[in-house]
Amino acid sequence: MKKSKISFEIELDDNNLPHSIMLNTADGQLENVEVKSFLISAWDKKTNETLRIDLWTKDMMVNEMLIM
């Protein structure tokens with residue numbers, strides 16, 4: 001079975017707020033793509049719960065968040 005990895009590198013400011021987010025894939029299709037936010041939802045089959053991570057940089061404007 002083939003596996004692949006998706007990774008996010010998050011640079012934090014002095015207050016531990018996200019300053020920049022870089023997206024990379026192990027297969028090289030995406031390398032150091034700068035993104036302002038990401039939203040991840042996953043289903044935990046053991047607990048029957050949705051696990052969720054929403055993260056955005058401090059320079060992302062509220063009106064941009066409404067587009068998502």
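Here the structure is a predicted model, which is why all the values come from computation and not from measurement.

*Asks:* Any details on the sheet that holds strand β2 (residues 18-25)? Residues and values, ideally.
*Replies:* As a general point, the strands of a sheet are linked pairwise by backbone hydrogen bonds and lie either parallel or antiparallel. On the basis of which strands lie adjacent, the open sheet formed by three strands has the order β1-β2-β3 and antiparallel pairing. Both outer strands of the open sheet, β1 (6-12) and β3 (33-35), are each paired with one neighbouring strand and no more. With direction set aside, neighbouring strand axes in the sheet form an average angle of 30°. By the bridge criterion, three bridges tie β2 to β3 in an arrangement that is antiparallel.

*Asks:* Can you tell me about the environment of V33, naming the residues and giving the values?
*Replies:* Position of V33 relative to the elements: it lies in strand β3. Given the relative accessible area of 31%, V33 is considered partly exposed. Considered as a pair, V33 and F8 are 25 residues apart in the sequence and their alpha carbons are 9.5 Å apart. For V33, the residues in contact, after removing those within four places along its chain, are I21, M22 and L23.

*Asks:* Requested: an account of the packing of aromatic side chains, with residues and values cited.
*Replies:* Summed over all chains, the structure comprises one aromatic pair. Ring geometry for F8 and F38: centres 4.0 Å apart, planes at 15°, overall stacked. Taken together, the positions of F8 in strand β1 and F38 in strand β4 (residues 37-44) put the pair 30 residues apart, joining distant regions of the chain.

The rules behind the values
Residues numbered from 1 in each chain as written. Predicted model: local features only at pLDDT ≥ 70, side-chain atom pairs only at ≥ 80, totals over all residues. Heavy atoms only, no water. Pairing = 2+ DSSP bridges. Helix = DSSP H or I, 4+ residues; strand = E, 2+ residues; numbered from the N terminus. Axes fitted to C-alpha atoms, helices over the stretch in contact; angles between N-to-C directions. Buried < 20%, exposed > 50% of the residue type's maximum accessible area, 1.4 Å probe, protein only. Contact = heavy atoms within 4.5 Å. Phe/Tyr/Trp six-rings, centres within 6.5 Å; stacked < 30°, edge-to-face > 60°.

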